[in-house]
Amino acid sequence: MHSLPHTENLAEQNLRQQGFATYLPRRQRTVRHARRIRIVSSAYFEAYFFVSFDIGKRSWYPINSTVGVRNLVTTGSAPVPVPQGIVEALMSATDEQGILHPLDLLQPGGTVRVVDGVFAGQLGRLDSVGTSGAVRILLDIMNRAVSVKIDRQNIIVVS
């Protein structure tokens with residue numbers, strides 16, 4: 001779901017009052033202003049969060065008229081479902097305060113899918129996680145494990 005800028009909390013609260021289940025992953029960041037440093041919580045995916053509902057049992061049109069909501073992400077005239085397991089994996093890496101810890105998802109030996117670049121769509125096994133934002137994965141190419149270094153943002157955890 002796409003919200004108006006910086007209104008994720010308001011939109012989530014209004015959708016919950018209407019009976020929709022929502023998930024807003026958050027992150028903590030340090031803000032420096034006027035010689036003051038403070039830690040604030042904000043949406044992990046700026047202006048986006050997840051809403052769950054059964055499209056066959058409930059109309060989704062009220063979502064678009066909810067205060068704080070820009071629109072539900074759709075293709076044509078139907079909402080776009082998030083692939084099975086993605087939200088569940090994100091929720092499993094979220095603490096009690098709603099803060100998402102994405103590095104918890106990246107465990108060596110886990111299966112990942114490349115989502116962008118030359119190897120998009122390929123499944124691989126996570127070999128190591130670097131501190132610079134890169135990960136090394138092992139891809140099965142021509143019945144051989146090939147080590148590939150990829151930016152961490154170009155993979156998703158499958159299992």
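Everything discussed here concerns the structure shown above.
Residues numbered from 1 in each chain as written. Predicted model: local features only at pLDDT ≥ 70, side-chain atom pairs only at ≥ 80, totals over all residues. Heavy atoms only, no water.

S.K.: Can you walk me through helix α1 (residues 8-17) in this structure?
M.R.: What sets the pattern is the α-helix's 3.6 residues per turn: residues three or four places apart point alike. Along α1, the residues that are buried comprise E8, A11, E12, N14 and L15. Along the long axis of α1, the arc covered by the buried residues comes to 165 degrees, so they all point the same way. At the exit of α1 stands G19, carrying a positive phi of roughly 95 degrees. (Buried < 20%, exposed > 50% of the residue type's maximum accessible area, 1.4 Å probe, protein only. Helix = DSSP H or I, 4+ residues; strand = E, 2+ residues; numbered from the N terminus. Arc of directions from axis to C-beta.)

S.K.: Is there a simple way to explain the layout of surface pockets in this structure?
M.R.: Empty space left among the atoms is revealed by rolling a probe the size of a water molecule over them. The computed volume of the largest pocket comes to approximately 890 Å³. Along its surface, the largest pocket is lined by 26 residues, and F50, V80, P81, V82 and V87 are the ones closest to its centre. Residue assignment for the lining of the largest pocket shows that the elements contributing at least two residues are β2 (21-23), β5 (50-52) and α3 (86-92). Per element, the largest residue contribution to the lining of the largest pocket is five residues, and it comes from α3. Class assignment for the residues of the lining of the largest pocket results in 21 nonpolar, four polar and one charged. (1 Å grid on protein atoms, 1.4 Å probe; cavity = no way out; pocket = protein on both sides within 12 Å on 5 of 7 lines; lining within 4 Å. Points joined across faces, edges and corners; volume = space filled by probe spheres on them. Nonpolar A, V, L, I, M, F, W, Y, C, P; charged D, E, K, R; others polar.)

S.K.: It is not clear to me how a positive patch on the surface should be interpreted in this structure. Could you clarify?
M.R.: A cluster of like positive charges, contributed by R27, R29, R36 and R38, occupies part of the molecular surface. Contributions of two or more residues to the positive patch are made by β3 (26-33) and β4 (36-43). If you trace the backbone, R36 turns up in strand β4. (Patch = residues over 30% accessible without salt bridge, like charges linked within 9 Å, V, L, I, M, F, W, Y side chains within 5 Å. Areas by Shrake-Rupley, 256 points an atom, 1.4 Å probe, with all protein chains shown as cover. Salt bridge = Lys/Arg side-chain N within 4 Å of Asp/Glu carboxyl O. Lys, Arg positive; Asp, Glu negative; His and termini not counted. Charge placed at Lys NZ, Arg CZ, Asp CG, Glu CD.)

S.K.: Hey, could you run me through the environment of V69 in this one?
M.R.: For V69, the location among the structural elements is in strand β6 (residues 69-71). When the C-alpha atoms of V69 and L4 are compared, they prove to be 5.8 Å apart, with 65 residues separating the residues in sequence. Sequence-distant contacts of V69, defined by excluding residues within four places in its chain, comprise M1, H2, S3, L4, A11, L15, I63 and N64. (Contact = heavy atoms within 4.5 Å.)

S.K.: Explain the pairing of strand β10 (residues 123-129) to me, please; I cannot follow it from the model alone.
M.R.: As paired elements, strand β9 (residues 111-114) and β10 share three bridges and run antiparallel to each other. Residue pairing for β10: R113 is matched across the bridge by L123. Alignment of β10 against strand β11 (residues 134-140), held across five bridges, turns out to be antiparallel. Of the residues in β11, the one forming a bridge with G124 is L139. (Pairing = 2+ DSSP bridges.)

S.K.: Please clarify how the nonpolar core should be interpreted in this entry.
M.R.: Nonpolar side chains in soluble globular proteins tend to end up buried together. Residues M1, A11, L15, F20, L24, A43, F49, V51, W60, I63, V69 and L72 constitute the largest nonpolar core, which totals twelve residues. Excluding residues within four positions of it along the chain, L24 makes contact with E8, N9, E12, A43, Y48, F49 and G98. In terms of nonpolar packing, the next biggest core, distinct from the first, is built from ten residues, V112, V114, L139 and I155 among them. (Core = buried A, V, L, I, M, F, W, Y, C linked by side-chain atoms within 4.5 Å.)

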